[in-house]
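Descriptive analysis of the structure
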Amino acid sequence: MKSGIILCGGQSRRMGRDKGSLIIKDKPMIKYILSTLNNEIDEAIIVLNDSDRIDRYKKFIDPDDYSYDVKFVEDKIKNKGPISGILTGLENISSQYAIVFPCDSPNMTKNTIQALFNEISNEYQAIVPYHDPDNKLKTSEPLHSIYNRNIIPLIEELILKDCLHIKGIIEKIETNFVLIDNKKILKKEFENLNRPEDLKIFD
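Figured I'd write up the structure that's included with this text.

Definitions and cut-offs
- Residues numbered from 1 in each chain as written.
- Predicted model: local features only at pLDDT ≥ 70, side-chain atom pairs only at ≥ 80, totals over all residues.
- Heavy atoms only, no water.
- Pairing = 2+ DSSP bridges.
- Helix = DSSP H or I, 4+ residues; strand = E, 2+ residues; numbered from the N terminus.
- Axes fitted to C-alpha atoms, helices over the stretch in contact; angles between N-to-C directions.
- Contact = heavy atoms within 4.5 Å.
- Buried < 20%, exposed > 50% of the residue type's maximum accessible area, 1.4 Å probe, protein only.
- Arc of directions from axis to C-beta.
- Polar contact = N/O pair within 3.5 Å; in protein donor to acceptor, adjacent residues only side chain to side chain.

A separate point is the sheet that holds strand β4 (residues 43–48). Taken together, seven strands build an open sheet; the order of strands is β5-β4-β1-β6-β8-β7-β9 and the sheet is mixed. Edge positions in the sheet fall to β5 (69–74) and β9 (175–179), since each has one partner strand and no second. Taking each pair of neighbouring strands and ignoring which way they run, the sheet shows an average axis angle of 25°. Of the pairings in the sheet, the one linking strand β6 (residues 97–102) to strand β8 (residues 146–148) comprises three bridges and is antiparallel in character. Paired with tyrosine 97 across the bridge in β8 is asparagine 148. Contacting β4 and β5, helix α2 (residues 51–60) runs over the sheet at an angle of about 155° to β5. Set on the sheet, helix α4 (residues 110–117) makes contact with β1 (3–7), β6, β7 (126–130), β8 and β9; between it and β6 the angle comes to about 145°.

In this section: α2. When we look at burial in α2, the residues that qualify are Arg53, Ile54, Tyr57 and Phe60. Projected down its long axis, α2 shows its buried positions confined to an angular sector of 130°, all on one face. Away from its buried face, by an angle of more than 90 degrees, α2 presents the exposed residues Asp52 and Lys59. Taking the backbone nitrogen of aspartate 52 as reference, a side-chain oxygen 3.1 Å away marks aspartate 50 as the first, capping residue of α2.

This is the structure:
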């Protein structure tokens, strides 16, 4: 069984409006990644930071549009950034591993999703793409990665210590770093839409 976690808990200060529900061309941004995940996973956990946003997202996300089960959950711990979203997602998956994406990465492809899932093995707790072989950790993409749910206690410990940087997780666990080679895995897939001017890539 394969699970996915979509992080939608950010406050979108730079964009100035909620990013997941932002209409890009003809549909809300989050639907790009949800559509790409069709036939690649068995369940998706959509993590939002409050019940009002959950209600709003339920109005435009129809679970029947997807090949997998869709579950909406509220951040377990508030105002702790994406590390809390990963924790919440991992606590709600039915499988051992989940692929994690932010809602503002609409360029992600099925090829990359498949390539990352193919790297799973018992010896690793995370599968993490990276850009530069000379500095894997610094150039890694921990919000576009796969995690084993057995890291839940570590994440809880880090949050208690207010160590909220995601790379603080992957440097403490057995991580399989996968090069973003612009062949099998494309660099453009990791572009985030953070500001209004970023939307031009969809023009």
